[in-house]
Each structure stands twice: as structure tokens, then as C-alpha cells.
Amino acid sequence: YLQAGGAPSTVVELLSVNFTSIAGMVNVIANWLIQTGVPQTEVTTLVENHMTAMVLQHFDPKKADSIFNTDGNVPEWLPEMIQQPTWRSVFYKLAEQYPDCLFLNFTIKMISDAGFQGEITSVSTACHQIEVFTRVLKTSVATFLEGGEEAIEKHLPEFTKMVCHGEHTYLYSQLLMHMAAEETKGGASMRRLCQELQKAAVAKGLEVTPVTTALAHANEFPRACQALSSMLSRQALNPADITVLYKMYSEGDPPPVALIRMPDFLDLLVDALYNPASKISPEHKAKYVFLLAYSVSVVESSRRGKGRRLNKEELKSTIQAIEKTHTLLSNHKGSSDLIAEVSTLFSCLKFPVVGMGVLHWVDITVSEPNFFKLNTDHTPLHLVLVDEIVSNHLLLHQRALDLLTRLFENTYDELDVLVRLELKKMLLDRMLHLLHKGCVMPVVTFITRCVEDTDISLVRHFVTELLDMIAPPYTEEFVRLLLPLIENKAVTDKLRTSDGKDPVSEFIDHCRTNFVNQV
């Protein structure tokens, strides 16, 4: 323009009039906000949130893909951008909206290569690239194995969503985890994870029975495979298929016990034998009992070149325990009828499968609308049985707590106020027994969560009994959870004495002395 004779002042005027500099204006205003006293982090978040909303609103996958088409190189700003958590989350959201965008698929792979694969579990785009998917699967499984129950509860839903993206991803994941489950070290935990994944897939309405039976080598036993597949697909047992399995497992060379150890099948057997509404024909009852006892008590081991070896030492006693409890519970529904058989029930409850079955029976029975209205005992025998199950079986603690919390949260509007309070006090005593047997954090967590909605006298009763049970040393986690409840004046003021020698004051003093950062 200048070489053609244009005036410099016109150049300056045209450039200044037509140049908007949106980014520059944003920076100027952001600096003004900081100078007026707004924290820099707050200003940064404000700008980032607005930019995120604008990108999500105006993103064009065709224009994004054209970035590669022009020169084929990675944009210089992309590696730096994926280092920031805010922009990574933007890419995850965009990848969910535009799964076919080449630019976004490439970016997700870059994020995975950069070591952030732990964040990608909920991104379906990861399911389209085997390298990314495998890396995410490995990271997720490691998180589950290291984090235990808490990790499973927290991360299983998004993990299930990723793995159940398609038949190929589910089969690939289950196959890899199934192979890992055969290892001696950590095999049992991996098998549990396979079963949790299968259970979650069934809950989502997916038909995964063929994969489950194939991984259990059921195809080598076509008749057993057909019988199992039929029942698992319909989620219902039937005498014809049960008879097929019974004959095969009671013969000299039975199929592997793993075939009938599928959680879904075991749940169906337990429900058939311990659900009061279930009606099994007397001529087939023994077959149901045999299959349940066989699946939980027979130990199978294999030696190289010597085939399978079966240990059936506990089979007979397990069958007897299931038969006794099934007969007692199906013939006597009321507490008074069962009082005379308590010693028999207690001895049978030492078997884990019986504990599971009886807990299922108790759950259904006490959940009937009028159960506590018609019950006259202070502590119904049904809940005494729950105490005994808790004492014997650590792995049933969570199920027992789930039952007790559900009962505690019921309103019982049909009962008198005082009767209702006594009932809930009795349920708290059951929870305290559960706590005494090792289920500490889940019980205390529940109580601290429901303080606002619970009669204060009940909370006070729990605190009084708890402080009588516990003694130092305490863990930081326990103190962090319990101390706010103990310091709640509405709960504990009536439990304190003027000389400070009461359990409440002693607990608080101990915490202040030994857990400075927590108080």
C-alpha cells in the first residue's frame, strides 16, 4: 500500500478501526479485575469457563480435521494444551459429542501417550483405539486392585460404561482379565472384578451370557452350557435344566465346578431355596440343594499331566446344613416357631452359603409392611440371626449393614412414636454389634450422615454405647469422621460432667492431644 503511494496515516487509521483484538481486550479486563482485588485464580477460572462454553458451542469437527489436511503436522499449541487439566476435560467432552472427528481421536491418543490415561475411562472415543483402550483398561484394573472395595464402589459405573461400549470391548476386557485371574497372585481379586463387571453388564440389560459361559469353558460341555445359558438368559431356574446339571455333577467325571460358580446362577439358587415365596417341588428340592452345596464346597485342583482332582470333604455337611435351614425356614415363618430350633440354626449358620441364604430370607421377611407392627419381641429372632451371621462371616458385613440401614431409614408411620423409637434403638444396637465385629467405618459413616434427620436421643444412644466400646489408639480417618459428631453439643452436652471425667470429654481431649491437625 505504501509502495503504491498510500499515506501512512491512512494505514494507521484503517488498521486501528478494523482491529478488534478480542484476546487482548480479555487480557486487559482480566488485569483490571486483578488490580481491583479479585483473586487471580478466580479470574483465570472465569475466563477458562467462558472459553470452554464457547468452544463446546461453536466447535466444528470439519474445520478441526482440516488442521491435519493442510500440512499433516501436529499444531504447536496442542502438546502444551493437553498438559492443562481444564483443556483436557474440554477435549473429553468434545470427543463424546464428536466420536468420528479425526483431530479429537488423535488428541485423545496424545493424552493417553502423555500418561493421563487414568482420566479417559468415561470417554467412549478410547474404545475405538485398541492401544488407548488397553492402556486405560490396565490403569483402571490397577486402581481397582490397589483401592479395594472403595475403588470398586467409586469407579465401577464409569469403568462399566467404557467396557460395555460394544460387544468387542466387553469380550476383549473379560478375556484379558479372565487370563489374569488364573494367576496365583491377585487372581481371586481379578476374578471378583470380572464378576462385578458381568453383574453390572446384566444390570444394564446386556446379554452377556454367551461370553460368560465361553470364558468358563462351558462349550466343552454342550449340555451343561445349554442348560446354564437357558436359565441365565431368562434369569429364572427350571426343573428340567436343573436336572441336567444335577445328573452331570453327580456322575463320576463332572464338568469343572467353575461352570456353576457364576454369581448370577448362585443368586438364583439362593433365592429359590431361601425366598419364602419360592415353591420348589419336593422331588426336585434335593437337586437344587446339591448344586448349591457342590458349587460352594467342592475344591478343584489340577496337576500337570494328572488331570483334575476333586476334594469333596465338605460337600455332605454343606448339603445337610442347607437342607436343615431350608426345611426350618420354609415351615416356620414366625419367631416363636423358630425359638426351639435356634441351636440348630446357629450351628448351620457357620457355613457361609447358609449365612447368605438366611440373610436373604431375613431381608425378605422383615421387609414385609406389617412385620414390626405384628412383632411383639424387643429383638425379633430374625435380627438375632443377623447378629450371628455378622459374627461368623466378615464378607457378609456389607449386606447386613445394607439391610439394617434400610430398616432404620423406614418411617414406620403405622407405629406409635415410642414404639418407633424403641425399634430404631434396637436397630442401632445391631449396628453397634456390626461395628464391634470390625465393620467400623461404614457404620460410623452412616450415622454421621443421618444425624440431621434422626431423633437426637437415638444419636446420643449410639454415641454413648460407642464410646463405651472403643479405646485408643485411633486412626486419623476414624477421628476425622467421628470427632465432629462427638463435638456436636446438641448430641453430647447431656453426656458431659462438670469435672471433665466423662467419656465424651476424654475422647475430645485425647484427640486434641494426639491429632493436632484434625482438631
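Residues numbered from 1 in each chain as written. Predicted model: local features only at pLDDT ≥ 70, side-chain atom pairs only at ≥ 80, totals over all residues. Heavy atoms only, no water.

S.K.: Can you explain the overall build of the chain? Please cite residues and give values.
M.R.: For the chain, the count of helices and strands is 28 helices and 2 strands. The C-alpha atoms of the chain give a radius of gyration of 31 Å, which is well past the 24 Å a tight globule of 519 residues would have. Dimensions of the chain, computed from the C-alpha atoms along their principal axes, are close to 115 × 75 × 45 Å. Sequence-distant contacts, at least 24 apart, represent 62% of the contacts inside the chain between residues at least 6 apart. Averaging the coordinates of the 47 positive side-chain charges in the chain and doing the same for the 62 negative ones gives two points 6 Å apart. (Helix = DSSP H or I, 4+ residues; strand = E, 2+ residues; numbered from the N terminus. Rg over C-alpha atoms; globule rule 2.2 N^0.38 Å. Contact = heavy atoms within 4.5 Å. Lys, Arg positive; Asp, Glu negative; His and termini not counted. Charge placed at Lys NZ, Arg CZ, Asp CG, Glu CD.)

S.K.: Describe empty space enclosed by the protein, with residues and values.
M.R.: In the structure shown here, the tally under the stated rule is 1 cavity of 30 Å³ or more. Each pocket or cavity is described by its volume, and for the largest cavity that value is around 40 Å³. What lines the largest cavity is Gln 198, Val 202, Val 208, Thr 209, Thr 212, Leu 232, Gln 235 and Asp 264. Breaking the lining of the largest cavity down by element, the ones donating at least two residues are helix H10 (187–203) and helix H11 (209–215). Looking at side-chain class alone, the lining of the largest cavity contains 3 nonpolar, 4 polar and 1 charged residues. (1 Å grid on protein atoms, 1.4 Å probe; cavity = no way out; pocket = protein on both sides within 12 Å on 5 of 7 lines; lining within 4 Å. Points joined across faces, edges and corners; volume = space filled by probe spheres on them. Nonpolar A, V, L, I, M, F, W, Y, C, P; charged D, E, K, R; others polar.)

S.K.: Before we move on, could you go through the packing of aromatic side chains and cite the residues and values that matter?
M.R.: Here the structure, examined in full by the defined rule, presents 13 aromatic pairs. Relative to Tyr 412, the ring of Phe 372 lies with its centre 5.7 Å away and its plane at 85°, an arrangement referred to as edge-to-face. Residue Phe 372 is located in helix H20 (residues 371–374), and its partner Tyr 412 is located in the loop between helix H22 (397–409) and helix H23 (417–436); the two are separated by 40 residues in the primary sequence. For the residue pair Phe 372 and Tyr 412, the accessibility class agrees, reading buried in each case. Here the aromatic rings of Tyr 474 and Phe 507 are separated by 5.2 Å at their centres, their planes lie at 55°, and the arrangement is tilted. Within this pair, whereas Tyr 474 is found in the loop between helix H25 (456–469) and helix H26 (476–486), its partner Phe 507 is found in helix H28 (residues 503–514), the two being separated by 33 residues in sequence. The same class applies to Tyr 474 as to Phe 507, namely buried. (Phe/Tyr/Trp six-rings, centres within 6.5 Å; stacked < 30°, edge-to-face > 60°. Buried < 20%, exposed > 50% of the residue type's maximum accessible area, 1.4 Å probe, protein only.)

S.K.: Describe in detail the packing of helix H12 (residues 222–234) against helix H14 (residues 263–274), supporting the description with residues and values.
M.R.: Put simply, H12 and H14 touch, their axes get as near as 10 Å, and they point 75° apart. In terms of axis orientation, H12 runs roughly perpendicular to H14. Contact residues: Leu 228, Met 231 and Leu 232 in H12; Asp 264, Phe 265 and Leu 268 in H14. Within the contact of H12 with H14, the residues separate by chemical class into 5 nonpolar, no polar and 1 charged. (Axes fitted to C-alpha atoms, helices over the stretch in contact; angles between N-to-C directions. Parallel < 35°, antiparallel > 145°, perpendicular 65-115°, else oblique.)

S.K.: So what's going on with unusual backbone geometry? Which residues, and what values?
M.R.: With an omega of 0°, the peptide bond running from Pro 472 to Pro 473 counts as cis. Of note, Pro 473 is situated in the loop between H25 and H26. The phi torsion at Ser 21 lies on the positive side, around 50°, for a residue other than glycine. Non-glycine residue Gln 235 carries a positive phi angle of around 55°. Structurally, Gln 235 is set in the loop between H12 and helix H13 (239–250).

S.K.: Describe the nonpolar core, naming the residues involved and giving the relevant values.
M.R.: By size, the foremost hydrophobic cluster in this structure holds 101 residues, and its most contacted members are Leu 245, Phe 265, Phe 372 and Phe 507. Broken down by element, this core gets its largest block of residues, 8 residues, from H23. When neighbours within four sequence positions are excluded, Phe 265 is seen to be in contact with Leu 228, Met 231, Leu 232, Leu 237, Ile 242, Leu 245 and Ile 260. Counting residues in hydrophobic clusters, the runner-up holds 42 residues, among them Leu 78, Met 110, Val 132 and Leu 215. (Core = buried A, V, L, I, M, F, W, Y, C linked by side-chain atoms within 4.5 Å.)

S.K.: Hey, could you go over the environment of Val 419 for me, with residue numbers and the actual values?
M.R.: Within the secondary structure, Val 419 is located in helix H23. Classification of Val 419 as partly exposed rests on a relative accessible area of 43%.

S.K.: Requested: an account of the pattern of salt bridges, with residues and values cited.
M.R.: For the structure on display, the rule yields 6 salt bridges. Taking the shortest distance from any N to any O, the salt bridge between Arg 192 and Glu 196 comes out at 2.8 Å. One end of the pair, Arg 192, and the other, Glu 196, are both in helix H10, 4 residues apart, so they sit about a helical turn from each other. Given a relative accessible area of 29%, Arg 192 falls into the partly exposed group. With a shortest N-O distance of 2.5 Å, Asp 363 and Arg 406 are connected by a salt bridge. With Asp 363 in helix H19 (residues 352–366) and Arg 406 in helix H22, this residue pair connects regions lying 43 residues apart in the sequence. (Salt bridge = Lys/Arg side-chain N within 4 Å of Asp/Glu carboxyl O.)

S.K.: If you had to explain helix H2 (residues 22–35) to someone new, which residues and values would you point to?
M.R.: With 14 residues, H2 should cover 20 Å at 1.5 Å per step; its first-to-last C-alpha distance of 20 Å lies within 8% of that length. Gly 37 lies just past H2 and shows a positive phi near 110°. (Expected span 1.5 Å × (residues − 1).)

S.K.: So what about the packing of helix H21 (residues 381–392) against H23? Which residues, and what values?
M.R.: Running from amino to carboxyl end, H21 crosses H23 at an angle of 10°, the nearest separation of the two axes being 10 Å. Comparing their axes, H23 and H21 come out roughly parallel. Remark: the crossing between H21 and H23 carries right-handed chirality. Here Leu 383, Asp 387, Val 390 and Ser 391 of H21 lie close against H23, whose contacting residues are Met 426, Leu 427, Arg 430, His 433 and Leu 434. When the residues that make up the contact of H21 with H23 are grouped by side-chain class, the tally is 5 nonpolar, 2 polar and 2 charged. (Left-handed = near helix turned anticlockwise from the far one by under 90°.)

These figures capture arrangement, not role.
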